[in-house]
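# A look at the structure
Read off the chains here:
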Amino acid sequence: MDKILPDLATAVAGIEDGMTVMIGGFGGSGAPIELIHALIDRFRATGHPKELTVVNNNAGNGHVGLAALIEQGMVAKLICSFPRSADPVVFTEMYLAGKIALELVPQGTLAERIRAGGAGIPAFYTPSSYGTDLAKGKEVEEFDGRPYVRERWLKADYALVKAHLGDRLGNLTYRMAARNFNPLMCMAARTAIVQVSRIVEPGGIDPEAVVTPGIFVQGVVEVANPAQEETLNRAKAVYPEVAQ
Amino acid sequence: MDKILPDLATAVAGIEDGMTVMIGGFGGSGAPIELIHALIDRFRATGHPKELTVVNNNAGNGHVGLAALIEQGMVAKLICSFPRSADPVVFTEMYLAGKIALELVPQGTLAERIRAGGAGIPAFYTPSSYGTDLAKGKEVEEFDGRPYVRERWLKADYALVKAHLGDRLGNLTYRMAARNFNPLMCMAARTAIVQVSRIVEPGGIDPEAVVTPGIFVQGVVEVANPAQEETLNRAKAVYPEVAQ
Amino acid sequence: MNERLTPTQMAWRAAQDITDGAYVNLGIGLPEMVAKFQPPGREAIFHTENGILGFGEAPPPGQEDWDLINAGKKAVTLKPGTAFFHHADSFAMVRGGHLDVAILGAYQVAETGDLANWSTGPKGVPAVGGAMDLVHGARRVAVITDHVTKDGKPKLLKQCTLPLTGVGCVTRVYTSLAVLDIDGGHFILREKVPALSFDELQTMTGARLHTDGVVADLNAPEV
Amino acid sequence: MNERLTPTQMAWRAAQDITDGAYVNLGIGLPEMVAKFQPPGREAIFHTENGILGFGEAPPPGQEDWDLINAGKKAVTLKPGTAFFHHADSFAMVRGGHLDVAILGAYQVAETGDLANWSTGPKGVPAVGGAMDLVHGARRVAVITDHVTKDGKPKLLKQCTLPLTGVGCVTRVYTSLAVLDIDGGHFILREKVPALSFDELQTMTGARLHTDGVVADLNAPEV
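Let us look at the structure shown here. Note that this is a predicted model, so its numbers are computed, not measured.

### Here we look at the pattern of salt bridges
Counted under the stated rule, the structure contains 54 salt bridges over all chains. Of the charged contacts, one joins D100 of chain D and R139 of chain D as a salt bridge, the two residues approaching to 2.7 Å between their closest N and O atoms. Taken together, the residues span a long stretch of sequence, with D100 of chain D in the loop between α2 (87-95) and β5 (101-104) and R139 of chain D in the loop between α3 (131-137) and β8 (140-145) at a distance of 39 residues. Classification of D100 of chain D by relative accessible area gives partly exposed; the value is 23%. Judged by relative accessible area, which is 58%, R139 of chain D ranks as exposed. Salt-bridge contacts for K158 of chain D lead to E111 of chain D; the nearest nitrogen and oxygen are separated by 3.1 Å. On the criterion of sequence distance, the pair formed by K158 of chain D in the loop between β9 (156-157) and β10 (172-175) and E111 of chain D in the loop between β6 (108-110) and β7 (115-116) is long-range, its members being 47 residues apart. Here K158 of chain D falls in the exposed class, since its relative accessible area comes to 51%. Residue classification places E111 of chain D among the buried positions, given a relative accessible area of 10%. Within this structure, R13, D17, R172, D181, R190, E191 and D212 of chain C form a network of salt bridges that share partners.

### Observations concerning the side chain of T165 of chain C
With respect to the helices, strands and loops of the structure, T165 of chain C is situated in the loop between β9 (156-157) and β10 (172-175). By relative accessible area, T165 of chain C is classed as buried at 0%. Within the structure, T165 of chain C has its side chain in polar contact with the side chain of N117 of chain C (distance 2.7 Å). Here T165 of chain C is in contact with T132 of chain B together with L115, A116, N117, W118, A131, M132 and V135 of chain C, once residues within four sequence places are set aside.

### Some points on the packing of aromatic side chains
Counted by the stated rule, this structure contains nine aromatic pairs over all chains. Consider the rings of F91 of chain A and Y95 of chain A, whose centres lie 5.5 Å apart with planes at 15 degrees: the pair is stacked. A residue pair is termed a helical-turn pair when its members lie 3 or 4 positions apart in one helix, as F91 of chain A and Y95 of chain A do in helix α4 (residues 89-96) at four residues. Looking at Y95 of chain A, the relative accessible area reads 24%, which means it is partly exposed. Consider the rings of Y125 of chain B and F143 of chain B, whose centres lie 4.9 Å apart with planes at 70 degrees: the pair is edge-to-face. A residue pair is termed long-range when its members are at least 10 positions apart, and Y125 of chain B in strand β5 (residues 123-126) and F143 of chain B in strand β6 (residues 140-143) qualify at 18 residues. Like F143 of chain B, Y125 of chain B is buried. Joined through ring pairs, the aromatic side chains of Y125, F143, Y148 and W153 of chain A together with Y125, F143, Y148 and W153 of chain B make up one cluster. Sitting over the face of the ring of W153 of chain A, K155 of chain A holds its NZ or CZ atom 4.0 Å from the ring centroid.

### Some details on the sheet that holds β7 of chain D
Residues and elements named next belong to chain D. On the basis of which strands lie adjacent, the open sheet formed by three strands has the order β7-β6-β9 and mixed pairing. Among the strands making up the open sheet, the edge pair consists of β7 and β9. Bridging between β6 and β9 involves two bridges; their strand directions are parallel. Counted as the bridge partner of V109 is L156 from β9.

### What to know about the pairing of strand β2 (residues 45-48) of chain D
Here β2 of chain D shows two buried faces, one formed by I45 and H47 of chain D and the other by F46 and T48 of chain D. The antiparallel hairpin formed by β2 of chain D and strand β3 (residues 52-53) of chain D contains three residues in its connecting segment, where G51 of chain D sits at a positive phi of about 105 degrees.

### Looking at the environment of A138 of chain D
All names here are of chain D. Here A138 is to be found in the loop between α3 and β8. A relative accessible area of 9% places A138 in the buried class. A C-alpha to C-alpha distance of 4.8 Å links A138 and L99, two positions 39 residues apart in sequence. When residues no more than four places from it in sequence are discounted, the contact partners of A138 are V94, L99, V101 and A102.

### Points about helix α2 (residues 33-46) of chain A
Residue and element names in this part refer to chain A. Look at α2: 20 Å from first C-alpha to last across 14 residues, which is about the 20 Å you get at 1.5 Å a residue. With ten of its 14 residues buried, α2 lies for the most part within the structure. Restricting attention to buried positions, one finds in α2 the residues I33, E34, L35, I36, H37, A38, L39, I40, R42 and F43. G47 sits one or two residues past α2 and shows a positive phi near 80 degrees.

### Description of the interface of chain D and chain A
Often, the extent of an interface is quoted as the loss of accessible area upon association of its parts. Of the residues lining the interface, 35 residues belong to chain D; the matching set on chain A comes to 47 residues. Both faces combined, the contact of chain D with chain A buries some 3400 Å², and carbon together with sulfur accounts for 63% of it. Summed over the shared surface of chain D and chain A, the result is three salt bridges. In this structure, R175 of chain A and D65 of chain D form a salt bridge, with 2.4 Å as the shortest nitrogen-oxygen distance. There are 18 residue pairs in polar contact (both at pLDDT 80 or more) connecting chain D and chain A. Mapped by element, the contributors of at least two residues to the side of chain D that touches chain A are α2 and α3 of chain D. Examining the composition of the side of chain D that touches chain A, we find that four residues originate from one element, α2 of chain D, more than from any other. Class assignment of the residues belonging to the side of chain D that touches chain A gives a composition of 19 nonpolar, ten polar and six charged.

### Comments concerning the packing of helix α5 (residues 107-119) of chain A against α2 of chain D
Packed helix pairs are specified by the crossing angle of their axes together with the interaxial distance, meaning the distance between the axes. Orientation of α5 of chain A relative to α2 of chain D, taken along the N-to-C sense of each, is 125 degrees, at an axis distance of 9 Å. By the angle class used here, α5 of chain A and α2 of chain D are oblique. As α5 of chain A runs across α2 of chain D, the sense of the crossing is left-handed. Contacts from Q107, G108, T109, A111, E112 and R115 of chain A in α5 of chain A reach H87, A88, F91 and R95 of chain D in α2 of chain D. By residue class, the composition of the contact of α5 of chain A with α2 of chain D is three nonpolar, four polar and three charged.

### Let's talk about helix α2 (residues 87-95) of chain C
Residues and elements named next belong to chain C. Counting buried residues in α2 gives eight out of nine residues, a clear majority hidden from the surface. Taken as a whole, α2 has its buried residues at H87, A88, S90, F91, A92, M93, V94 and R95. A positive phi of about 80 degrees marks G97, the residue just after α2.

### Quick look at the environment of A83 of chain D
Of note, A83 of chain D is situated in strand β4 (residues 83-84). Each C-alpha atom, one on A83 of chain D and one on G54 of chain D, is 6.8 Å from the other, the two residues being 29 residues apart in sequence. Setting aside residues up to four positions removed in sequence, A83 of chain D forms contacts with N171, P207, V210 and P213 of chain B together with G51, I52 and L53 of chain D.

Rules used in this analysis
Residues numbered from 1 in each chain as written. Chains lettered and ligands numbered in written order. Predicted model: local features only at pLDDT ≥ 70, side-chain atom pairs only at ≥ 80, totals over all residues. Heavy atoms only, no water. Salt bridge = Lys/Arg side-chain N within 4 Å of Asp/Glu carboxyl O. Helix = DSSP H or I, 4+ residues; strand = E, 2+ residues; numbered from the N terminus. Buried < 20%, exposed > 50% of the residue type's maximum accessible area, 1.4 Å probe, protein only. Polar contact = N/O pair within 3.5 Å; in protein donor to acceptor, adjacent residues only side chain to side chain. Contact = heavy atoms within 4.5 Å. Phe/Tyr/Trp six-rings, centres within 6.5 Å; stacked < 30°, edge-to-face > 60°. Lys NZ or Arg CZ within 6 Å of the ring centre and 35° of its normal. Pairing = 2+ DSSP bridges. Expected span 1.5 Å × (residues − 1). Buried area = accessible area lost by both parts, 1.4 Å probe. Nonpolar A, V, L, I, M, F, W, Y, C, P; charged D, E, K, R; others polar. Axes fitted to C-alpha atoms, helices over the stretch in contact; angles between N-to-C directions. Parallel < 35°, antiparallel > 145°, perpendicular 65-115°, else oblique. Left-handed = near helix turned anticlockwise from the far one by under 90°.

Written out as structure tokens, the structure reads:
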């Protein structure tokens, strides 16, 4: 069994128009910048994929990564909890112009919906959002005298994920708070594509320290020294570069 | 903050008659034998606690650990998935004599109900047990054309848990498949008491490899070289020893 | 030429259908033996409910580590790439559709795909374990079973008479006499031992046998 | 003697109520400052939604590691005993009732305990983050807020007019002028700045102020 992919272009080749794509990360930490940029490269070369539904905690920052994906017009709908950032201009302008749809989900509900998608739980109840605009149209039920809102699972065709170490079986570790939504998205996607900073041999990750067991992963591509969104934004980077 | 307890007797001192107690382990692996035996010691000295509801995957094996707890008559009800073992005579006889109640739960549903208890999810839907006797009386609903059974969370007053390393903040690691239900039970109990093979200083566990973060743990007691149920049973051990 | 397959041969036969790279859960008892017969060149990855993925075979007697066991409480070993996880993650793998195959034992299987394998009735102590989760989670649920009970009664039926484990979940059955698919509410006979005619097999089966193209000979090597 | 507390002083005041060993989540912005004012001898453990428990203060500029940030995307540091976990586990801590205190900002708070802190109305881009989970999970939900808006309108009201974050969730409010509990559908005034009379404070509050025993002076050191 060998899940290692030769390059970023191959890694994102299966994503088609209209698909739902989960993209890991919380702000810039854990954001798979190189995978996202490879998807942009493909779109600029072929016109596809477009009309994507993207699931991410945020809505991008600056003009790289998720913000760049949105700026290209590839994203029809965003499912997220917090579409604000230090430099949210790309999403904000497209949203206010009605060019991108937004489904706003409380952050804990977003995480739990994704886990539920991966765990075969089609619906669950949470106290979060009860009595608020975000619970409108959702079923409410009392348990032990407290009201709860029913939420549905969230699944995806693809997940684009950033991890730290990975082996050919798909076992993964993450780096500090870059873990965030990444392990959940591996679970909830039909095809989870992971960029890792380093590929190791099976056994190179302590079996006790595996965070994502390989069963949740379909493809692994090595990106040594991955870019940090925060660093790119401090350097006012734009993707693709204007010269292109 | 120091969650370290001086001894096993102190560790189990707060468990009262009628409480629900989750006990970790899958068969013997991960079973907190010394904590269970300390609870038996207390019962034999004071007559308490009794009328316990115990949550465990199994129903004990031989005459040590959970089987011994049941044999003492301390357990009024058992919630478990698989009350069979190599030597299930203790539970079997008491169950067939009507001296202990049994709530049988599919193993995955048991795990998910415990996690839900720890995660603030009062109810969820699962395909497991649909159309079977174990779904009787439970709500059924279709999602995306498939029927699912609604299940409730499971919480406990106490959890008795076996881990490998622990620090004074309650951070834990486990040893191989002895992990099983233990991390979930820490989450779902109001008071999680953990026996660890070794106490380390904070920082002695790699922050990436912490399996149970300390927030889920209320007490830690060191039991170096803990007994293995399987080894005790192969030696035909009985607790307490007959001489007592 | 086999008159009937031994349990070991049934496990061998089931193993031939496991593809390279498949994630597989094997039930306690007879199904566990399937792992021994992985065809050369194929690497299946085995999952056990109690929180191990990618474990290896049993250790030599005396070298067991009782923290490293499978769902049947038998000792297993580590392999490069093994991963440990807790029970909720383990059943997320099961229920979430991440397993390719689950192979279980059976008391009875119905032509509807219903399975009964956890309770022989109201007497005794009931025990279900992970079976009710496995039958709804794995992409393919197969069963290994003798074709008939010890006293000669059919185990493949129109309807199960014992308490169900799952409804409409089994898609392939490996018996001591035949290999059958379940599709559209029918048993489709794929292979049978050459010693028995179709009609003879039908008399030992409690539901109508259908065919769809060739019925191949079921032969297994001495294993 | 304070005429009104600065934001830093409000954070200081809130910090005085955090007990030793408490698990605490601090909202983005002003509440984050609470961590700086842990009274000597008390060790609170801070949780951030993005998957860290027990992190330390901000690193010196230039030494940030952008994989080690808090929910406000600000760099933090490791401490002995820090633990990392994924987002589902993080919100299991929140929703499961494992946090002792969550301290949040507010646009409006009602005497019923309702909180509005995520949306100023239909214009602009809405963003909710983890606030709706935090208000239902932590055992104690407190708010830090100016007593009135920039243009002098009350933020403590009979009813919120802005979209709600949660219903009946806030139990303590730290304002620039007072400390209040919410109990039984009332604001109970516990402390007020000595420069204001009860009646003066009442005119700046959009719901009736109640008392229950002594109203103490609210004084904060220069911090």
